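Architecture at a glance
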Amino acid sequence: MPPVNSNMNRAADMHEDLRNEYDIIGQPTPKKDGALKARGRAEYADDISMPGMLHGKLLRSPHPHAKILHIDTSRAAALPGVRAVITGADFPGIQYGNLPQTRDYLPLAVDVVRYIGEEVAAVAAIDEDTAEEAIELLVVEYEPLPTVFDPEEAMTSGAPLLHSAAPNNISAQTAFQFGDVDEAFSSADHVRADEFDTQPVKQGMLEPHACVGQWESSGKVTLWACKMSPYVVWRQLAMGLGLELADVRIVQTFVGGGFSGGKQEAMPMDFCAVMLSKKTGRPVKLVHTMEEVMIIGHMRHPMKIWLRTGTDKDGRILVQHCKLIANGGAYSSIGGFSMYLAGAMLNIPYRIPNLKFEAYRVYTNNGFCGALRGHTNTQICFARDSQIELIAADLGIDPLEIRHRNSLQPGEETANGFRIGTFAFDECIERVAEISDWRGKRGKLPKYRGIGFGCGSHISGARLMGHSASAADIRMREDGTVQLSTGSTDVGQGADTVLSMIAAEVLGIEVDDVRFAKVDTDQTPVDPGTFGSRVTFFTGNAVKRAAEDARRQLAEIAAEHMEVSPDDLQFRRGEIINRLDNSQRVPLKDIVRRGAFSLGRLVAAHGEYAAGDEMVDFKTGYGNLSPAYNPSACAIEVEIDPETGQVTVVGFWGADDSGFPLNPLAVKGQVIGATVMSMGQALYENLIRIDGEVMNPSFRDYKMPLATDMPKLSSFQHSNVITWEPEGPFGAKEAGQGAGTGVIAAIANAIYDATGVRLTSLPMSPESILRGIRRLQEEEKVLG
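Residues numbered from 1 in each chain as written. Predicted model: local features only at pLDDT ≥ 70, side-chain atom pairs only at ≥ 80, totals over all residues. Heavy atoms only, no water.

**Some points on a nonpolar patch on the surface**
Nonpolar side chains collect at one region of the surface, where Ile688, Ile690 and Met695 lie side by side and expose about 270 Å² of accessible area between them. Position of methionine 695 among the secondary structure elements: in the loop between strand 27 (693-694) and strand 28 (716-720). Judged by its relative accessible area of 42%, methionine 695 falls in the partly exposed class. (Patch = residues over 30% accessible without salt bridge, like charges linked within 9 Å, V, L, I, M, F, W, Y side chains within 5 Å. Areas by Shrake-Rupley, 256 points an atom, 1.4 Å probe, with all protein chains shown as cover. Salt bridge = Lys/Arg side-chain N within 4 Å of Asp/Glu carboxyl O. Helix = DSSP H or I, 4+ residues; strand = E, 2+ residues; numbered from the N terminus. Buried < 20%, exposed > 50% of the residue type's maximum accessible area, 1.4 Å probe, protein only.)

So, in structure tokens, the structure goes:
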């Protein structure tokens, strides 16, 4: 086994250095008006009420593919209480999206609908009941068109074409190669090829999409909405409406869950809310039903993955070739990046010196796909860590040993250009093996009880094309409190808290003394948004730099007053102290007032972080995507009912290298959340679609795991392998997504350990397990 990462030994020392410099004050203690209520009077979007506000509803297509011949709005418009009816003809006809090549969506369909549930028209009325009644009075004449739902079929020459600019229905294509792949396969001692299938999965957030739009007579458009990336919506809304950015304002409300993709982009409801407001002169609210949430887009990509791997006789990976086809649905969303990311993440946490990757995202007449926690990394980790155990079995190598032999080490560079800094992967493996008693259980548990191992990794934010940087502003108030503003959103992951902690740490004040403004594109710094586990790292660094600038300004004012050098001053517990004479101290708020009242120096600071100007070359796939990477490992123990195939998860043990956890309780919560979501995809969840129609559009029928399906919290054991990431704020790295990436493979491996049934398609349902058990029983009868 490789030596322990030296950063492990440095973390405690550097922690002490940090304590000496900043006086670490530990976890926040919530108070009535503290930082944990930082968003103040912000509301959830579906709670907003304004004078004269109208309620909107959307008409959706009942066809998976059809021409729109005519829309009759007369009966709906004549209904008492209806104030406006709009169709696609009311918009300027500008397609919007993330990149020029992916701009294929209109606010409302104009000539063609491409999936069941696509938005066709909208109404505004005095109440929801009237709006719903008006929707039923709209009459649309359609001409059905040929359909295609399977991506492989959609790629054939005779398949119906969804978009004229996409031959063979290829929405996005990524291909790259590093090293001499053919030669590496020729020289490999062992080559194995397997096929894996994953299913469509929804985010499952409890708050549906909701917004309130207002188009003022001055031409200013304001949207209050629950968005993970308000500035993405800002740009897309301006684009689709044909407006200048200065004429559009997005105000973030509380976000009741989004899970890294569910509320990233502008949606037809956003456009319709503001257009209906323009027509009526009144604010308009739209709130999706949960059925609408389930049938529209932004779900996880279902994939078919072919993975071929060559190793030497000792199990060291020499080469890998991965090909995948993803069912992208009717529109692009963020699908181009999704395909790149799947191939990029093949490079970690294992060393792959020679790699070939081919990915095709295909248009079909289904709801469209986008990002979901772990993005396409989750599907790749399922395939790769299932296969690595199969290779270990083929070669007679211990499953943990084969992982150690292939583990990336700090200081390495991957074939695709990832530069690995802190990366305690070996330590994560051994930590999990220890706390789970892996070596005492593997292959030794009673029949139909098994334990499986899985590993993964993730990024700490990404350097993408366009805008990647984060910024923060700090204003000192005369009572010694801090007004902090960033463009990053708290979507439940605790961003407001950890960013406030960072500012408080630098300035030597309590977390509760930091006030955090909600995102408002007219006031807060521009920001890419909350995705890719970027906020603590990118925005946290920006906040730290802004706080250090504010501290520098305060130290200069205090030094003049105290007649000392600014370098001799410490900031602790709301006081500025001479480190050479602890008796010489002054309240921080007095220095703020002195600066403002006596010297005319208002303390306002700004910080930025961009992780350098290096960008990935998406044509070649080469480049250092992130400033830091987080490896993870987990073991899961399951028990199988041989009569029904039902799986019971009885234990989970995980470890990851998140650098130095700034808020350990929040990190644990994120790890458990990521784990449970992956357990859901592994065992329960599947958006069932027949001829493009979602058959289970409710939480009753879409089987997300309940608390009763999960092991008790006491059975979730997670350990942080502490390193110190020098690029991260106070040593921190990603913590919210990577921990879930190895979970699905761990469950697949545990089921195999318990039953001998190897499952390569998701979800791993009781039916599929029972079929496997019976097949093995039949084979035993034939042999016996």
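Picking up where we left off.
**What to know about the side chain of glutamate 265**
Note on placement: glutamate 265 falls in the loop between strand 11 (248-252) and helix 7 (268-280). Buried within the structure, glutamate 265 lacks any salt-bridge partner; arginine 361 is the closest side chain of opposite charge, at an N-O distance of 8.2 Å. Here serine 333 takes part through its side chain, which lies 2.6 Å from a polar atom of the side chain of glutamate 265. Dropping the residues within four chain positions of it, glutamate 265 is found in contact with Asn98, Lys227, Val232, Val233, Gln236, Asp270, His298, Ser333 and Ile334. (Lys, Arg positive; Asp, Glu negative; His and termini not counted. Polar contact = N/O pair within 3.5 Å; in protein donor to acceptor, adjacent residues only side chain to side chain. Contact = heavy atoms within 4.5 Å.)

**Looking at unusual backbone geometry**
Here the amide bond leading from isoleucine 348 into proline 349 is cis, since omega sits at 10°, within 30 degrees of zero. The omega torsion of the bond from leucine 762 to proline 763 falls at -5°, within 30 degrees of zero and hence cis. For histidine 375, which is not glycine, the phi torsion reads 50° and is therefore positive. Position of histidine 375 among the secondary structure elements: in the loop between strand 15 (355-363) and helix 10 (377-395). If you check the backbone angles, glutamate 563 has positive phi at about 60° while not being a glycine.

**A short note on the packing of helix 17 (residues 664-683) against helix 18 (residues 743-755)**
Between helix 17 and helix 18, the least distance of the axes is 8 Å, while the angle of their chain directions is 50°. When the axis of helix 17 is compared with that of helix 18, the two are oblique. The interaxial crossing formed by helix 17 with helix 18 has right-handed handedness. Across the interface between the two elements, Thr675, Ser678, Met679, Gln681, Ala682 and Leu683 of helix 17 pack against Val743, Ile744, Ile747 and Ile751 of helix 18. Broken down by class, the residue content of the contact of helix 17 with helix 18 amounts to seven nonpolar, three polar and no charged. (Axes fitted to C-alpha atoms, helices over the stretch in contact; angles between N-to-C directions. Parallel < 35°, antiparallel > 145°, perpendicular 65-115°, else oblique. Left-handed = near helix turned anticlockwise from the far one by under 90°. Nonpolar A, V, L, I, M, F, W, Y, C, P; charged D, E, K, R; others polar.)

**Looking at a negative patch on the surface**
Together, Asp127, Asp129, Glu133 and Glu136 give the surface a local cluster of negative charge. Mapped onto the elements of the fold, aspartate 127 is located in the loop between strand 5 (119-125) and helix 3 (128-137). (Charge placed at Lys NZ, Arg CZ, Asp CG, Glu CD.)

**Examining the nonpolar core**
One finds Leu324, Leu625 and Met764 to be the most contacted residues of the largest nonpolar core, which totals 87 residues. The dominant element in this core, judged by the number of residues it contributes, is helix 18, at eight residues. (Core = buried A, V, L, I, M, F, W, Y, C linked by side-chain atoms within 4.5 Å.)

**Quick word on the packing of aromatic side chains**
One pass over the full model with this rule turns up 26 aromatic pairs. Taking 6.5 Å as the distance between ring centres and 85° as the angle between the ring planes, the aromatic pair formed by phenylalanine 91 and phenylalanine 271 counts as edge-to-face. Of the two residues, phenylalanine 91 is situated in the loop between strand 3 (82-87) and strand 4 (112-113) and phenylalanine 271 in helix 7; the sequence distance between them amounts to 180 residues. By relative accessible area, phenylalanine 91 is classed as buried at 8%. Ring centres of phenylalanine 196 and phenylalanine 382 lie 5.6 Å apart, and the angle between their planes is 75°; on these two criteria the pair is classed as edge-to-face. Note that phenylalanine 196 is positioned in strand 8 (residues 190-197) and phenylalanine 382 in helix 10, a separation of 186 residues in sequence. We note that phenylalanine 196, like phenylalanine 382, is buried. (Phe/Tyr/Trp six-rings, centres within 6.5 Å; stacked < 30°, edge-to-face > 60°.)

**Quick look at the sheet that holds strand 20 (residues 569-572)**
Taken in spatial order, the three strands line up as 20-21-22 in an open sheet, and their pairing is antiparallel. Each end of this open sheet is capped by a strand with a single partner; those strands are strand 20 and strand 22 (581-587). Within this sheet the neighbouring strands show an average axis-to-axis angle of 30°, counted without direction. In the sheet, strand 20 pairs with strand 21 (residues 575-578) via four bridges, with the strands oriented antiparallel. Paired with glutamine 570 across the bridge in strand 21 is isoleucine 577. Packing against the sheet, helix 15 (residues 535-562) makes contact with strand 20, strand 21 and strand 22, and its axis sits at approximately 120° to strand 20. (Pairing = 2+ DSSP bridges.)

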